[in-house]
Structures are given as C-alpha cells and as structure tokens.
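Residues per chain are reported as follows:
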Amino acid sequence: MIDYDGLLKKIPRVKKILDDGSNSTLYHYTKPEKLLSILESGTVRFSNALYLNDKEEVTYSYRLIVNLIDEIPQLNPELFSRIKEHFYKKYKNIIDGDDSFLNKYEYYTISFSTDSDNLTLWNNYSKGQTYTGYNIGFCKKDLIADMERQGFHSVYGNIIYKQETQITVLKLIFEKWNRQFEKQLSTKKTQKNLEKCQDILFELIDILSIISLFFKNPHFKDEKEYRIIFISNFSPTSYKQTKIFEKNGLFIPYIEYKFLKRTVSSINIGPTLDENIFYTSTCRMLANFGYEKKTINRSKIPLRY
C-alpha cells in the first residue's frame, strides 16, 4: 500500500493547507432514515469516489492538471508529457464511460462539513418544512485516531475550492518532483537510476491522484466540505471487503467503518417548523441506542413561511 501521508509530508505546505493539525468537530449531514441506520448499526460508509455526484466533479482536477502543465514550460518534458498523457486518458475514459481507467487502487471517501448549521446542506437532506435533515458531530482527532487503529490508513483534509490555491498546490507538487527527476537524470545512466526515474514518475501520479480528490469547483464553496479518504487495493480479494448500494440508478461500492460512540460529540437537527416534537423524538431515539448523554442542537436558521 502506498504511504500517501508520507508523500504529503514531503510537501508540508500542501499538508498544512489540507489540515493544520488542530482538533475540531466534523459534521456528517444525512437524512432521518440514514441517521437512524447509522446510529443503530454504529457504522458509516466510505463510498467509492468515482461514482459520487457527477462526472464534472471527478474530472475537474484532471483538466486542471493537464492545462497547468501546458502553462509551465520549465517542467521537464520527459516527465510531464507522461503525466499529461496519464491524466488526459483518465479524463477521457471517465467522460466516455470506458472502464479501462480502473487500476490497482480505489479511493473511498466519506464527507463532512466544518459547519454545523449549513443551509445549503440542510436543503439537500430535507423535504419542505415538515421533513428535516440531521447531522452527526464527530470529534476529528478521536475519529481519525480510531480509524488508524482499525486499519483505515486514511488521507484527510479540507476541500480546496479556490482555484488560485488549487494551482498553488499543484505547482508545489510539480516543482518538488520535477527537481527530483532532473537531479536523477543528471546522474550516470544505469539501470538502477532509470528505475529511480520511473519511481519518481509513479510517485508523482500517486500524489496527484490523491490530491485531485480534494479539489472542487469554486461554486460548491458554501458546503465547507472536509473529506477523509481511504485507499483500497483493487483486486478480487478486495471485493470481499466492499458492499454495494444503489443511488440514483448507480451501483456504488462502499466499505463500512464501525465508529466508537465516544467519537460522537453531538446530534444536530435541521430547520423545521415543528422543532419541539423533532427534538423530543430525537432524544428518545438516541436513548434507545445509548447516545442519551450526547448534546442535541437545533438549527438557528429561521424558516420562511
């Protein structure tokens, strides 16, 4: 398995942009029936990133990578022509519905928000004024530590929406691996050194593949999304680890993670006209599953009549 966290440590400025290391609360927004299922089972899903949302989200970063390479003539053409070809093919294959892009790794993601009372997200999980959404507040530090303990060696961080910052991150990565490649090229041409050049190419593909999952179109900035990504080997053996759910006609692979109750800090109820009955029914439901000591918050966003 690739040590993605180790790769990110090679570029500390990028690692800090994703996550500054401070503790905070992460909020997982969901519908009422999903909240019930999550708390009853004590599990949440890491869903295959390839099949979530729309093609534009998946390919947004690939286009950015390819276009930026063309704008930086100082990059080594031997290395970056291959990088450009790789991501252009991935982009085309996804757009064209070609499954030949499937490789030895799959990326599974779970999304949170750093905002506990987000109107944009509440609207995604509610129906009018009588059906409200919920979110579960998790302690980030405890959640990630427990995932590591269970073998979910993840990469995590804030989604980057600002294109200027996205370009800064890509340039830092390009420059780091470009220097390594050119330094290796300047050494004596031996089989060992050629293999090291190949390793640099593969490392650069790996770090760009993972960082691309933290870029989104600036139009989605109000979501304030935070992602935790788990990397799984793509093999017949890994199929036993995954399950499948259907969403909007798509069959989406996912991996279940069983969280500790102590990582849950709060349950938050979205805007609703009947907030008192929603509050009391939520309290009763939480008591049923052993969460009665958790904080329950009601949205402060007023509903329009």
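From a predicted model like this one, the values you see are computed outputs, not experimental measurements. Along each chain, residues carry numbers from 1 onward, in the same order as the chain's sequence is written. Totals for whole chains, interfaces and linings use all residues, but because this is a predicted model, local features are given only for residues with pLDDT of at least 70 and pairs of side-chain atoms are given and counted only at 80 or more. Side-chain numbers here rest on the full set of heavy atoms in the structure, without hydrogens or water.

Undergrad: So what about the overall build of the protein chain? Which residues, and what values?
TA: For helices the rule is a DSSP run of H or I covering at least 4 residues; for strands it is a run of E covering at least 2, with both sets numbered from the N terminus onward. Along its length, the protein chain carries 10 helices and 10 strands. Each radius of gyration reported is based on C-alpha atoms, and the globular scaling rule is 2.2 Å times the count of residues to the power 0.38. Against the 2.2 N^0.38 benchmark of 19 Å for 305 residues, the protein chain shows a C-alpha radius of gyration of 21 Å, consistent with a compact globule. Its C-alpha atoms give the protein chain principal-axis dimensions of about 75 × 40 × 40 Å. For the exposure calls, accessible area comes from a 1.4 Å probe over protein chains only, and a residue counts as buried if that area is under 20% of its type's maximum, exposed if over 50%, partly exposed in between. Counting across all 305 residues of the protein chain, residues that qualify as buried make up 46%.

Undergrad: Describe in detail the environment of isoleucine 231, supporting the description with residues and values.
TA: Summarising the element assignment, isoleucine 231 is placed in strand β6 (residues 225-233). Judged by its relative accessible area of 3%, isoleucine 231 falls in the buried class. Once the C-alpha coordinates of isoleucine 231 and asparagine 93 are considered, the two residues, 138 residues apart in sequence, prove to be 21 Å apart.

Undergrad: Quick one: what's the story with unusual backbone geometry, residue by residue and with numbers?
TA: Here the phi dihedral of lysine 224 falls at roughly 50 degrees; this positive angle occurs in a residue that is not glycine. Note on placement: lysine 224 falls in the loop between α9 (191-211) and β6. In this model, asparagine 248 sits at a positive phi of 55 degrees, which is unusual for a non-glycine residue. With respect to the helices, strands and loops of the structure, asparagine 248 is situated in the loop between β7 (243-247) and β8 (250-258).

Undergrad: Outline a positive patch on the surface, listing residues and values.
TA: Here a patch means residues that are over 30% exposed by relative accessible area and free of salt bridges, tied together within 9 Å if like-charged and within 5 Å if nonpolar (Val, Leu, Ile, Met, Phe, Trp, Tyr). Residue-level accessible areas treat just the shown protein chains as cover; the underlying method is Shrake-Rupley with a 1.4 Å probe. When a carboxyl oxygen of Asp or Glu is within 4 Å of a side-chain nitrogen of Lys or Arg, the pair counts as a salt bridge. Here Asp and Glu are counted as negative and Lys and Arg as positive; His is not counted, and neither are the chain ends. Think of each charge as sitting on NZ of Lys, CZ of Arg, CG of Asp or CD of Glu. Positive charge collects at one region of the surface, where Lys31, Lys34, Arg45 and Lys247 lie side by side. Secondary-structure assignment places lysine 31 in the loop between β1 (25-30) and α3 (32-41).

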